[in-house]
2 protein chains.
Amino acid sequence: MTHRLPEPLLALIAALSRLPGIGPRSAERLGLHLVQTDPALVAQLARSLVDARERIRTCDACGALTEVNPCNLCTDPGRDASLLCVVERATDILVLEKAGTFRGRYHVLGGRLSPVNGVGPEDLRLEELTQRLAQGTAKELVLALGTDVEGDATAHYLAERFGSPTVSVTRLAAGLPAGSGLDFADELTLSRALEGRRPV
Amino acid sequence: MTHRLPEPLLALIAALSRLPGIGPRSAERLGLHLVQTDPALVAQLARSLVDARERIRTCDACGALTEVNPCNLCTDPGRDASLLCVVERATDILVLEKAGTFRGRYHVLGGRLSPVNGVGPEDLRLEELTQRLAQGTAKELVLALGTDVEGDATAHYLAERFGSPTVSVTRLAAGLPAGSGLDFADELTLSRALEGRRPV
């Protein structure tokens, strides 16, 4: 009989290795650490897991992660309701909020158009977007999408479908990253920076 | 008011970032994944955590991780009780068992001598080792310790304290790793391989 890890530890390692970015070796290392660490800390981690999963939901209006529905971003009167920033995922909001420049509201698509992966317009939160625009407060859709082919396709689709005399559709500028030089930019970034050049 | 993540999610991320090898960014990524994934999977992970921590303990005799005490390694009649392999940590047993060559029993020290870090003989499981040797079944202590300065110091201390006419103390060979060439070996490994050369 070869020696194996005890069953409950194997089950824990299996559960951990299902997490994104945790390979079999990391899962084993984590599992071994957890069964040898302070039981109170392990119980606390388990509680945090269940607690967070139960209490956090997505906002019906914008799709952000929130405890209250509608979320604070949607109800904050200090935010400019005429600006609606469209992002792919709820986590993109965090990145933009860390930058701290945008003071409008958000709308999470929940993905982007990708015919190859079978993602069509009906798979995105576009009905919700239509309803929000029907309220008439939003005057500009700021598309904060990735700058690859699928991001471009999604941007064009949204501009076509939602652009109107009362609602303009804009997109984040593509160009050189801040604090970087020409020698670090790839060719596509450079040509987009050229296309988007602006008077100084 | 800047937008922050909901409190339960922040608590989860904080708990995750206390795990070894999980930095702040990985913890955030994991937390965001967990609050958006199947609640049943999250509940299962939480249960596995508590379950593993509660059911797994260290064997009083050898120090291995186990559900039963004494562990299967200590009670397995198919294992040679005259050979006792001394390792630093319980997880070292797994590495040796994967290699599959050793058919004796184990003894976990729980560390190694390190005056710099204030680890002395009284901090290691040496009382337990004394008791096991007093039973008279073990004839050889195989030291499977790291090959750095602290490993060397621990090996010499153990040889001095436990070596006797009835108990020999040996150490794993130091030399070239299997399947590797001279060009990949560092100088210290090479000189140890030379010192340990054997007739073909």
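Above this text is the structure in question.
Caption draft 1: Representation of the sheet that holds strand β4 (residues 104–108) of chain A in the model. Residue and element names in this part refer to chain A. Ordered by their spatial adjacency, 4 strands build an open sheet running β4-β3-β5-β6, and the pairing between neighbours is parallel. With one partner strand each, in any of the chains shown, β4 and β6 (168–171) form the two edges of the open sheet. Within the sheet, the average angular offset between the axes of one strand and its neighbour, ignoring direction, is 30°. Sheet topology places strand β3 (residues 80–87) next to β4; 5 bridges connect them, and they run parallel. Bridge pairing in β4 places Asp80 opposite Gly104. Packing of helix α6 (residues 126–134) onto the sheet brings it into contact with β3, β4 and β5 (140–144), and relative to β4 it is tilted by some 150°.

Caption draft 2: Spotlight on the packing of helix α2 (residues 24–36) of chain A against helix α5 (residues 90–99) of chain B. One can describe the packing of α2 of chain A onto α5 of chain B by two numbers: an axis separation of 11 Å at closest approach and a directional angle of 140°. It follows from the interaxial angle that α2 of chain A and α5 of chain B lie oblique. With respect to the hand of their crossing, α2 of chain A and α5 of chain B are arranged in right-handed fashion. Taking contact as the criterion, the partners of Glu28, Leu32 and Gln36 of chain A in α2 of chain A are, on α5 of chain B, Ala90, Thr91, Leu94 and Lys98 of chain B. Broken down by class, the residue content of the contact of α2 of chain A with α5 of chain B amounts to 3 nonpolar, 2 polar and 2 charged.

Caption draft 3: Representation of the interface of chain A and chain B. Facing the 54 residues of chain A at the interface are 54 residues of chain B. Summing both sides of the interface, chain A and chain B together bury roughly 4700 Å²; the carbon and sulfur share of this comes to 73%. Where Glu28 of chain A meets Lys98 of chain B, a salt bridge forms, and the shortest distance between an N and an O atom there is 3.5 Å. Summed over the shared surface of chain A and chain B, the result is 8 residue pairs in polar contact (both at pLDDT 80 or more). Residue assignment for the side of chain A that touches chain B shows that the elements contributing at least two residues are α1 (7–17), α2, α3 (39–55), β2 (65–66), α4 (72–75) and α5 (90–99) of chain A. For the side of chain A that touches chain B, the element with the highest residue contribution is α3 of chain A, accounting for 12 residues. Residues of the side of chain A that touches chain B, tallied by class, amount to 29 nonpolar, 11 polar and 14 charged.

Caption draft 4: Fine view of the sheet that holds strand β5 (residues 140–144) of chain B. Residues and elements named next belong to chain B. Read from one edge of the open sheet, 4 strands run β4-β3-β5-β6, paired in parallel fashion. If you trace the sheet from one side to the other, it starts and ends with β4 (104–108) and β6 (168–171), each paired once. The mean inter-strand angle of the sheet, taken between neighbouring strand axes irrespective of direction, is 30°. Bridge analysis of β5 against β6 gives 4 bridges, and the strand direction is parallel. Looking at the pairing, Leu143 lines up with Arg171 of β6. Sheet strands in contact with α5 are β3 (80–87), β4 and β5, and its direction is about 155° off that of β4.

Caption draft 5: Structural context of the pattern of salt bridges. Residues and elements named next belong to chain B. Within this structure, the stated rule accounts for 25 salt bridges over all chains. Salt-bridge contacts for Arg79 lead to Glu97; the nearest nitrogen and oxygen are separated by 2.6 Å. Residue Arg79 is located in the loop between α4 (72–75) and β3, and its partner Glu97 is located in helix α5; the two are separated by 18 residues in the primary sequence. Accessibility classification places Arg79 together with Glu97 in one group, the buried group.

Caption draft 6: Broad picture of the nonpolar core. Formed by 59 residues in total, the largest nonpolar core has its most connected members in Leu9 and Leu12 of chain B. Contacts of Leu12 of chain B, omitting those with residues within four sequence positions, involve Leu45, Ser48, Leu49 and Ala52 of chain A together with Gly31, Leu34 and Val35 of chain B.

Caption draft 7: Molecular detail of the state of the cysteines. Residue and element names in this part refer to chain A. Applying the stated criterion across every chain yields a total of 0 disulfides over all chains. Of all cysteine sulfurs in the structure, the one in Cys62 sits closest to Cys71, which takes part in no disulfide; the separation is 3.6 Å. Taking the relative accessible area as the measure of exposure, Cys71 reaches 2% and is therefore buried.

Procedures and definitions
- Residues numbered from 1 in each chain as written.
- Chains lettered and ligands numbered in written order.
- Predicted model: local features only at pLDDT ≥ 70, side-chain atom pairs only at ≥ 80, totals over all residues.
- Heavy atoms only, no water.
- Pairing = 2+ DSSP bridges.
- Helix = DSSP H or I, 4+ residues; strand = E, 2+ residues; numbered from the N terminus.
- Axes fitted to C-alpha atoms, helices over the stretch in contact; angles between N-to-C directions.
- Contact = heavy atoms within 4.5 Å.
- Parallel < 35°, antiparallel > 145°, perpendicular 65-115°, else oblique.
- Left-handed = near helix turned anticlockwise from the far one by under 90°.
- Nonpolar A, V, L, I, M, F, W, Y, C, P; charged D, E, K, R; others polar.
- Buried area = accessible area lost by both parts, 1.4 Å probe.
- Salt bridge = Lys/Arg side-chain N within 4 Å of Asp/Glu carboxyl O.
- Polar contact = N/O pair within 3.5 Å; in protein donor to acceptor, adjacent residues only side chain to side chain.
- Buried < 20%, exposed > 50% of the residue type's maximum accessible area, 1.4 Å probe, protein only.
- Core = buried A, V, L, I, M, F, W, Y, C linked by side-chain atoms within 4.5 Å.
- Disulfide = S-S within 2.5 Å.

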